[in-house]
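Summary of the model geometry
Spelled out from the first residue to the last, the chains are:
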Protein chains: 2
Amino acid sequence: MVRSTNSRRPATLASLAAELGVSRTTVSNAYNRPDQLSPELRKRVLDTARRLGYPGPDPVARSLRTRKAGAVGLLLTENLSYAFRDPAAVGFLEGLALACEDADHGLLLIPANPEHEDVAAVHSAGVDGFVVYSVPDDDPHLAAVMERPVPTVICDQPSLPEIDRVGIDDGAAIKELARHLIELGHRKIGVVCMRLARLRNDGPASPERQSRANFHVQRARLTALSEAFAEIGVDWEQVPVIERFDHTTESGGSAAAQLMELDPEITAIICTSDILALGALSEVRRQGRRVPQDITITGFDGIDDAERVGLTTVRQPVLEKGRAAGRLLLDSAESSGKPREVLLETQLVTGSTAGSPRSVEERWFGP
Amino acid sequence: MVRSTNSRRPATLASLAAELGVSRTTVSNAYNRPDQLSPELRKRVLDTARRLGYPGPDPVARSLRTRKAGAVGLLLTENLSYAFRDPAAVGFLEGLALACEDADHGLLLIPANPEHEDVAAVHSAGVDGFVVYSVPDDDPHLAAVMERPVPTVICDQPSLPEIDRVGIDDGAAIKELARHLIELGHRKIGVVCMRLARLRNDGPASPERQSRANFHVQRARLTALSEAFAEIGVDWEQVPVIERFDHTTESGGSAAAQLMELDPEITAIICTSDILALGALSEVRRQGRRVPQDITITGFDGIDDAERVGLTTVRQPVLEKGRAAGRLLLDSAESSGKPREVLLETQLVTGSTAGSPRSVEERWFGP
DNA sequence: GTGAAAGCGCTAACAC
DNA sequence: GTGTTAGCGCTTTCAC
């Protein structure tokens, strides 16, 4: 196997045609419409192409002409490499890749560093459409995507009126979880949540900040929690909510610590992701507390590691989300104008990290 | 945020220029060379663009003109979605994504289903270069990549004389592992390896098949093992090697079972990947044998799960491999003609799954 | 079954 | 600082 040449592109469709003494159309047909010319001629074309080191029609030129790139662009909130760190994101990617593969499309990961406002990468992506995965509603990259005259599907957030979307019912899902905790008897809880805005903020999130969150999913979950607990008379103003910018177990751990220091009386820590919950779990145990006897911890997502340690959480079909997003995008032909929305089912997973809170007496004097 | 229009592309650089009564160059400059025109004019151009719903220069047309796509293509052995299942592949992807991000390039995952011979996806990828990750030397997609007149870097396999490559010294790495087992006293071993050719084969791999393997990495490891054991007088012809096509823990488990049935006397199972080893571990334990007291098991890669369970293995820097491959490709300008090779360091990880074999007496009558 | 003509939308010299 | 010219390499009616 020898590389034809390392130098400058040697031959074009036109030069090949000239060499052969046929028209460009014929050469083009040899590649794209074999039935439009005699097998002999086609063979002659292809053979000469090999001899001249002609690599076949240039994909970019073809794209320009056909107005198809054969690729789907993916925009993520985070550094590209982050996408490979978060199991939920990896699951989503897998599903999306599956859908692309089925439709013979490539998947272009777009470098959209959230720290930078530079949206050039979005502008220069040669794609037939975009999938946007969980970005803040004021993300400049998202705005750039919306400007591109190609179909777009958003997964999770934001929820835009005109745009196809796939997601879950975040509110309903976490409400089910909240009711589970309420039934167990929890009244004093604390919350650890992911970033609520594009600017870093690590610490307590006031109710104002919560309701002003630029991440629709986080906002929906917090709102639903407040509603669920309001139903039993808990004043949400008194519920500590700790925000973390980085989505890591370390963040989850430090947030849990901060929470317990802020209000030692809480009997449960609700985390808006499994990653955060896993970190909280470690931290709580490091402090010598038992779960769930001393404190209850819950997550969200249903990643493998969570199930492995028996975390009480909400399982969402991340792979299906990716696949649904890809399908929606690649079926855009059928899009009859009105935006479509796909809501996937979630499932409460009652693990071993949630239990009934002990009474204050029990806490101090044993069961 | 409103999508300018959902209909057909409304404006082009030319129509914008006409509308403004300026030349196309000026409009182009407004986007690409702000310093080439007055700020006022630029503003007027951009404003009119917004008004007309002009989304900025078409990326494909620009690519055609500039001969740059701003993207790197990635070719994998497996279905795209597999890449997200294998932790080693995910690590590689992360590294590669990092390198691409640094260079403001996108990463295009190319759908190259190994079951199909259809290489159209390779032909239609608008990229500035390819990274090829661990494919068999007779892969038709690889051949298609080699035909494209763009730089290419291969990671792991195959090892082609003309092409830049990044990898590890597979032979040396596994030899170190082999010597470790030899020192522990193992003489009767069995091997579980990954696929050796493009066609499915699940079962024993003869020495001929081993040396004819289309996967350079597997071949190198098997050869090195045979050499290491030859040094102490072990006849490699007698060493059972079980091949598995699918790279899963299930495969590892069934292969281990097959191995033990084939030769109940083996005291160690060397697996050529952690995934296979993890599967072997489960199977062996399921059969009631203790590791390492009853049998020794080793892996290769150093994935998180392996370290978690204390697998004796070889750690290789998967993320660094991805990053190195990306850098090599994106630095191709500096490529002075002669192919470059980057070999990364590996490290023997002595975990808790390798120990001294018990004597036959001990096996039957206890220690 | 084959060819001629007409661009797809853009950028880069170079001249003004 | 702005415009003119000349393609980048290809596909696609539509005649022949």
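Here is what the cut-offs are and how they apply
- Residues numbered from 1 in each chain as written.
- Chains lettered and ligands numbered in written order.
- Predicted model: local features only at pLDDT ≥ 70, side-chain atom pairs only at ≥ 80, totals over all residues.
- Heavy atoms only, no water.
- Pairing = 2+ DSSP bridges.
- Helix = DSSP H or I, 4+ residues; strand = E, 2+ residues; numbered from the N terminus.
- Contact = heavy atoms within 4.5 Å.
- Buried area = accessible area lost by both parts, 1.4 Å probe.
- Salt bridge = Lys/Arg side-chain N within 4 Å of Asp/Glu carboxyl O.
- Polar contact = N/O pair within 3.5 Å; in protein donor to acceptor, adjacent residues only side chain to side chain.
- Nonpolar A, V, L, I, M, F, W, Y, C, P; charged D, E, K, R; others polar.
- Near = heavy atom within 4 Å.
- Buried < 20%, exposed > 50% of the residue type's maximum accessible area, 1.4 Å probe, protein only.
- Disulfide = S-S within 2.5 Å.
- Least-squares fit on C-alpha atoms with pLDDT ≥ 70 in both.
- Core = buried A, V, L, I, M, F, W, Y, C linked by side-chain atoms within 4.5 Å.

An unreviewed UniProt entry annotates chain A as LacI family transcriptional regulator of Actinopolyspora erythraea.

**With respect to the sheet that holds strand E7 (residues 203-204) of chain B**
Residues and elements named next belong to chain B. The strand order E7-E8-E6-E9-E10 describes an open sheet built from five strands, whose pairing is mixed. The open sheet has two free edges, formed respectively by E7 and strand E10 (296-298), since each of these has just one partner strand. Here four bridges tie strand E6 (residues 189-194) to strand E9 (residues 268-271), and the two strands are oriented parallel to one another. Its bridge partner being in E9, Val191 is matched across the sheet by Ile270.

**Here's the deal with the interface of chain B and chain A**
With 52 residues of chain B at the contact, the number on the chain A side is 53 residues. Overall, the association of chain B and chain A removes approximately 4,700 Å² of surface from exposure, summing both partners, and the carbon and sulfur fraction of that is 60%. In this structure, the connection of chain B to chain A is made through six salt bridges. A salt bridge links Glu94 of chain A to Arg85 of chain B; the shortest N-O distance between them is 2.9 Å. For the pair chain B and chain A, the interface holds six residue pairs in polar contact (both at pLDDT 80 or more). Residues that form the side of chain B that touches chain A fall into these classes: 28 nonpolar, ten polar and 14 charged. Here strand E2 (residues 106-109) of chain A pairs with strand E2 (residues 106-109) of chain B via three bridges, running antiparallel. The residue of E2 of chain B that forms the bridge with Leu107 of chain A is Leu109 of chain B.

**Examining the protein's contact with DNA strand C**
Around DNA strand C, 30 residues are found, and the nearest of them are Thr26 of chain A together with Leu13, Tyr54, Asp58 and Arg65 of chain B. Among the atoms of DNA strand C close to the protein, meaning within 4 Å, 60% are from sugar or phosphate groups. The side chain of Ser28 of chain B places a nitrogen or oxygen atom 2.9 Å from a phosphate oxygen of DNA strand C. For DNA strand C, a phosphate oxygen lies 2.6 Å from a polar atom in the side chain of Tyr54 of chain B. Counting only elements with at least two residues in the surface near DNA strand C, the list comes to helix H2 (24-32) and helix H4 (59-66) of chain A together with helix H2 (24-32) and helix H4 (59-66) of chain B. Ranked by residues supplied to the surface near DNA strand C, first place goes to H4 of chain B with five residues. Along the lines of polarity and charge, the residues of the surface near DNA strand C split into nine nonpolar, eleven polar and ten charged.

**Here we look at the environment of Ala61 of chain B**
Residue and element names in this part refer to chain B. Looking at the secondary structure, you find Ala61 in helix H4. Given a relative accessible area of 29%, Ala61 falls into the partly exposed group. Separated by 196 residues in the primary sequence, Ala61 and Ala257 have C-alpha atoms spaced 57 Å apart.

**A short note on the state of the cysteines**
One pass over the structure, following the stated rule, counts zero disulfides over all chains. Cys100 of chain A forms no disulfide, and the closest cysteine sulfur to it belongs to Cys155 of chain A, at a distance of 13 Å.

**Re the protein's contact with DNA strand D**
The local shell around DNA strand D holds 31 residues, among which Leu13, Tyr54 and Arg65 of chain A together with Thr25 and Thr26 of chain B are the closest. Those atoms of DNA strand D that come within 4 Å of the protein belong to sugar or phosphate at a rate of 58%. For DNA strand D, a phosphate oxygen lies 2.8 Å from a polar atom in the side chain of Asn32 of chain A. Among the elements of the structure, H2 and H4 of chain A together with H2 and H4 of chain B are those that each provide at least two residues to the surface near DNA strand D. Per element, the largest residue contribution to the surface near DNA strand D is five residues, and it comes from H4 of chain A. When the residues that make up the surface near DNA strand D are grouped by side-chain class, the tally is nine nonpolar, twelve polar and ten charged.

**Focus on the relation of the copies chain B and chain A**
Superposition of the two copies of the chain requires a rotation about an axis and a shift along the axis. In the superposition of chain B on chain A (RMSD 0.1 Å, axial shift 0.0 Å), the rotation amounts to 180 degrees. The transformation just described matches what one would write down for a two-fold rotation axis. Distance from the rotation axis, computed per C-alpha, reaches its smallest value in chain B at Leu108 of chain B: 2.1 Å. Both copies contact each other with a shared surface, as 100% of the interface residues of chain B are interface residues in chain A too.

**A short note on the nonpolar core**
Where a protein is soluble and globular, its nonpolar side chains tend to be buried together. In terms of nonpolar packing, the biggest core is built from 104 residues, with Leu74 and Leu107 of chain A together with Leu74 and Leu107 of chain B touching the most fellow members. Not counting the four nearest positions on each side in its chain, Leu74 of chain A is found in contact with Phe92, Leu93, Leu96, Leu107, Leu108, Leu109, Ile110, Val131 and Tyr133 of chain A. By size, the runner-up hydrophobic cluster in this structure holds 42 residues, among which are Met146 and Leu160 of chain A together with Ala144 and Val145 of chain B.

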